[in-house]
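# Working through the structure, step by step
Given next are the chains, with one letter for each unit.
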Amino acid sequence: MIYAKSAFKLSCATTALIMSVPTLAQDPVAAPSNTEVETAENTILVTGSRIRRQSQADLASPLATVGSEAIADIGAQNIGEITQSLTINSGAQNNPDAFTQGGTTGTSNINLRGLGVASTLILLNGKRQTLSSSPTNDGINFVDTSSLVPLIAVERVEILKDGASSLYGSDAVAGVVNFITRDNYEGFLVSGEYTEHLGFGDYSEYNIQGLAGFQFGDLNLLTAASYVDRSPLTTAERRLSQPADDTSALGNPGTFFTPGPTPDPDCVAGGGIPLGPFCGFDFGEFFNLVPDEQRLTLFASADADLSDRVRFSAEVGYSDNEAVRGNSPTFPFLQLGQAVVPTFNPNNPFGANVVFFGRASGTGGEVSPASFESTTFRVATSLEGDFDTSFLQNGLWNVSLTFADNNFTANTEDTVTDRFACALRGFNASPAFNAATGLDCTASNPNLTDNGAVIPADGTFFNPFATALAGGTNANAALLDYITEFATSNRESELLVAEAFVSGELFELPAGPLGIAVGVQYREQKISATFDDISDRDGFAFLIGEQAFAGSQDVYAIYGEVAAPITDWLDVQLALRFEDYGADGGDTLDPKIALLARPTDWLSLRGSYSTSFRAPSTFQLQGQSTTLQQVSDPANGGANAFVAVRAVGNAALTPESSTAYNIGATVNPISGLEISADYYNFEFDDAIVQTAAQSIVNADPNGPNIVRSPAGTIIQVNNSYVNAASVQTSGVDFSVRYAIDAAFGTITPSFEGSYVFDYELQTSVGGAVIDGAGNRNFTNFGSPTPELRFNAGLQFETGAHSLNIFGRYIDSYLDDQNGGADIDSDFRVDVQYSVAINEFFDRDKLIRLTVGARNVFNELPPVVATNGGFDSRVHDPRGALFTVGLTGEF
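Residues numbered from 1 in each chain as written. Predicted model: local features only at pLDDT ≥ 70, side-chain atom pairs only at ≥ 80, totals over all residues. Heavy atoms only, no water.

Moving on to helix H5 (residues 417-424). Burial analysis of H5 places eight of its eight residues in the buried class, the great majority of the element. Of the residues making up H5, those classed as buried are Thr417, Asp418, Arg419, Phe420, Ala421, Cys422, Ala423 and Leu424. Immediately beyond the C-terminal end of H5, within one or two residues, lies Gly426, with a positive phi of roughly 70 degrees. (Buried < 20%, exposed > 50% of the residue type's maximum accessible area, 1.4 Å probe, protein only. Helix = DSSP H or I, 4+ residues; strand = E, 2+ residues; numbered from the N terminus.)

Counting across every chain of the model gives 31 aromatic pairs. Seen from their ring centres, Tyr522 and Tyr556 are 5.1 Å apart, and the 45 degrees between their planes marks the pair as tilted. Here Tyr522, found in strand S23 (residues 512-531), pairs with Tyr556, found in strand S24 (residues 549-565); they are 34 residues apart in sequence, far enough to count as distant. Ring geometry for Phe549 and Phe619: centres 5.5 Å apart, planes at 70 degrees, overall edge-to-face. Taken together, the residues span a long stretch of sequence, with Phe549 in strand S24 and Phe619 in helix H10 (residues 618-622) at a distance of 70 residues. We classify Phe549 as buried; its relative accessible area is 11%. (Phe/Tyr/Trp six-rings, centres within 6.5 Å; stacked < 30°, edge-to-face > 60°.)

A few words on the sheet that holds strand S14 (residues 278-282). With antiparallel pairing, three strands are arranged side by side in an open sheet as S10-S14-S13. The open sheet terminates on both sides in strands that have one partner only, identified here as strand S10 (247-248) and strand S13 (273-275). Note that S10 and S14 share two bridges and pair antiparallel. What sits directly across from Ser248, in S14, is Phe281. (Pairing = 2+ DSSP bridges.)

Further remarks concern the state of the cysteines. A complete count under the given rule lists two disulfides for this structure. One disulfide bridge connects Cys267 with Cys279, the sulfur atoms lying 2.1 Å from each other. In this structure, the disulfide formed by Cys267 and Cys279 twists by about 90 degrees around the S-S bond and is classed as right-handed. With Cys267 in the loop between strand S12 (261-263) and S13 and Cys279 in strand S14, this pair connects stretches of sequence that are twelve residues apart. The exposure classification of Cys267 matches that of Cys279, with both residues buried. (Disulfide = S-S within 2.5 Å.)

Take the pattern of salt bridges next. Taken as a whole and judged by the stated rule, the model has 31 salt bridges. Glu293 is the salt-bridge partner of Arg230, the closest N and O atoms lying 3.2 Å from each other. Taken together, the residues Arg230 in strand S8 (residues 219-230) and Glu293 in strand S16 (residues 292-305) connect sequence positions 63 residues apart. Each member of the pair, Arg230 as well as Glu293, carries the same accessibility label: buried. The partner of Asp538 in a salt bridge is Arg646, and the shortest N-O contact between them spans 2.9 Å. One end of the pair, Asp538, is in the loop between helix H9 (533-536) and S24; the other, Arg646, is in strand S29 (residues 639-648), with 108 residues separating them in the sequence. One salt-bridge network, in which partners are shared between bridges, spans Glu81, Arg854, Asp876 and Arg878. (Salt bridge = Lys/Arg side-chain N within 4 Å of Asp/Glu carboxyl O.)

The next thing to look at is the sheet that holds strand S5 (residues 175-181). Ordered by their spatial adjacency, five strands build an open sheet running S1-S4-S5-S2-S3, and the pairing between neighbours is mixed. Each edge of the open sheet carries a strand with a single partner, namely strand S1 (63-67) and strand S3 (127-128). As paired elements, strand S4 (residues 154-160) and S5 share six bridges and run antiparallel to each other. Bridge pairing in S5 places Val157 opposite Phe179.

Our next topic: the environment of Leu240. Mapped onto the fold, Leu240 is located in the loop between strand S9 (233-234) and S10. Under the relative-accessibility criterion, Leu240 is labelled buried at 13%. Here the alpha-carbon distance between Leu240 and Thr488, two residues 248 residues apart in the chain, equals 30 Å. Contacts of Leu240, omitting those with residues within four sequence positions, involve Leu289, Leu860, Pro861, Gly868, Gly869, Phe870 and Pro877. (Contact = heavy atoms within 4.5 Å.)

With that out of the way, let us pick up the confidence of the model for the chain. The pLDDT averaged across the chain works out to 88; a share of 94% of its residues lies at or above 70. Residue range residues 1-41 is modelled with pLDDT below 50. Its contacts to residues more than four positions away, or to other chains, number 81 contacts. (pLDDT = per-residue confidence, 0-100.)

Set out below in C-alpha cells:
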C-alpha cells in the first residue's frame, strides 16, 4: 500500500512536469554538455545546479575546484592521491592493507566529513558510477575511484562540500565529487612517471599514460589510457608494528589441551614464542603495506553537433585492476571441535587424545598470496539541445542513459576444516574414531574432494608438533597443499540510470532572469555474489564461509530547482527532490535553500540548509559477509586477535535522515589575495551502520553473539546492521591564497585546512553520546577523526620553471583501542620542480620534465599499537618517494 501511494504521487508529479515542459522544436543555439562548455551567452553548468550560470562563483553552495594544473603541481599519480590530500576527506580507505581492507584490496574511496564512504556521491562528467561489488569490512559498498578514468584525461575535480540530496539523490548526503574530463582537446599527450621508494625494500611504481583528441568538423573524439605497475612494499621490508602487536596465541608450533593448555614441548626450539601457557606466532612480516598491483584504465568520449540545435555525447570506460597481497602462511584453525589429535597419530607424545590450538603452518612457512581482480565497465550517453519559447528562454533539455557494471573476484587461502581434521586422524586409519566424532573422511564428503582434490591414502597423518619442523624442513609440506584451499568470491554490481531534465529562464525579475530546472530520474542498482562450494558449506576453519545472495533496488525521482536574483547583490537557490525506494525504503521529499550575497566587489557571503534521506542499501537489507577483523578481548586480558565477523542483512532497517547547513564567506581585500571560510554542520538520525565488532565484544564478552573456542579465545562475532541513534558533526573549512607578482616571477603562498569542532556518535536511542572528535573511533562505528588537518603550499613560477613545496599536517588524536593513548601528529613535506623544456627550443608543443620527492624527510607514520603498527585510514605507511616524469605533447 505504501508503494502504491508513492507510485501514485510520483505519477502525478511526473505528469505535471511533462505538461510544464515547452515544445522543444524551437530554435536552440549551442548545446553545452555537463562540463565547462561555454554557450553564446557564456553560461555553464556547474556541479550543484541544473541551471546554467556565468561561473562557479554564482553558486551559493561551497564548491572547491582542483584543476589539472593543480593536480600536476601536487604530483598526484592517481585519483586516490588527489582525494587523500583533501583536508575534508577523513577516514577513507586508500591504503589497501590486510587489516582494514580485507576484501577490497586495490580500491580507493572518498569519505567527506568522516560520514562514511557511501555518503559522498561520485560523478564522472555529472553522471553516476556503479558501486564496487565488494564491501568494506563494515559492510558498506562504495564507488571505487580507482576505476573511474585515466588521470591524464581529468580536466578538473569539483567538490561540493554541503549536502546535495535535493538535486542528486540520497547518496549525496555529505557532498558531491565530480570528475570532469577534458573537452575539445586536439592532439596527442603522453606521460611517463617512475617512483622509487628510498631506503626501504624494493617498492617502485611506474605509470604510463596517453591521451589523443581529434576533431572532424562537428565531431570531437577523445581517447585516454593509463597503465600502472606497482611492486609491493611488504611488512618484512618495512616493519612498522611491534612483535607484541602482531603475535598470535595460535601458532605452529602450537598449544595442546591436555585438558589445560600446554605449549608444544619444543615450542622455542621450533621457533615459537612463549606466551604463558601458549606457543605464539609472530605473523607481522607476512603482509603488504602496498600490494603488488597492475591497473589498466581506458576511456573514450565522443560528442557531435547533430544540428545547430541538438548535440549528442557518449562515454565508454573500462578498468581492470589486479592486486596481490600477502597473508600469514595459514590462518589460525578455529574449529577446535575438529582439531583432535588422537592417540594413534604416531607423532602424539602425550599418550592421550589432545586438542590442537594453532595453525597448520606458521614458523618457517611462506607468505600465502591473496589475489584480487576488479573489472569495471561503464557507458553513458546523452542527447541535449538549446531552445527558446515564449514560456522559457535560454532553455536546455537533456536526456541521458548510463549503465555501469563491476565484477570483483577475490581468492584467499584458508585451511579446510574437514581436510585438516581428517589429516590429524590419518583419514580412515580409525574409521570408528571418525564415526564417533561425526567426521566423514571418505570421498562422500565433498569438502575433501572439491576442486579435484585427491584424498591422501589412509594412514597419512599430519604432524602438528614441532618435530615436523626438525632439520629445517617441514614434514607436512605435501599435506599442506591438500588441506588448504582458496576461498573464492565472485561479486557483481550493476547500475542503470535514466534521466531527463529541462532548464531555462522563466521570466525577468528586476535584478535578472528567474532560472528554473525540472527533471526526472530512474535508477536500478543490482548486487549479487556467489562463492565456492566449500564457502557455501561454511567449510573453512578461519574464514568460515559465505552464501550466495542477490538483490536489486529501484529508485524513482523527480526534482526541481529555482535560482532567483532577489537584488543586484542577493541570489537565492531553491531545490526540491522526491525519491521513492518502494516497499524496502519508503519515500522522501527533501528541500534545499541556499543564499549568495555580494554586498561589495571584495566580499561574498553564502549559506545553505538542506535535508536528506538515505534508504537501506540492497546489501544492508539482503546481503551477508564474513570478514577478518581485529578485536581486543576484555575477557582475556585485552589480548588482540583476528576473528571472523559475520554480518547478515537486516530487513527491519528504517531509512536514515539528516539535516545540513553551511555558512561561509570569501574575501578579496586586495588583488591576488583570496580568503575563504565555511562553517558546516551535519546531523544524522537513524544512521545505518554495522555495529563495530569491538563494541559487541565490549558490551558482552560472553554474550550470544560471541563464539569462543574451548580455550576461551574469540573465534567469531555475529553482527548485523542497525539504525544508530545519531551522528552529529560540525567544523570549519578555511583557505588563504595570495598570488604575488614580482620582477623575477610569481610567488603564491597558500594555506587550506579543516578543523572539526564536534563528531558525536550515539549507538542507540537514549544511549551514551561518544565524543569522536580527536579519536580513532576503533571501538565504535565512526571514522578516525583528527581535529585539525591542513596543507601549506609555496609555489614559485618564472618562465619555464616551476617549484612547488607542500607541507601536509594531520593532528594528533586518541586511540580508543588502547585506553586513549596518544597517536602523534604527522607532518610531511613534498617538493616538486618542473621545467618546460620546449621553451628552450622555441617549440609550441609542451615537453615537461618533472622531478619530485614526497615525504622528503622520510617520516614514519605515527605508531599505533595495532596490527600493522599504524592507522591505515589516516596515515601513509610509505617513506620518502623519489619521482621523475616526462610529459610530451604532439
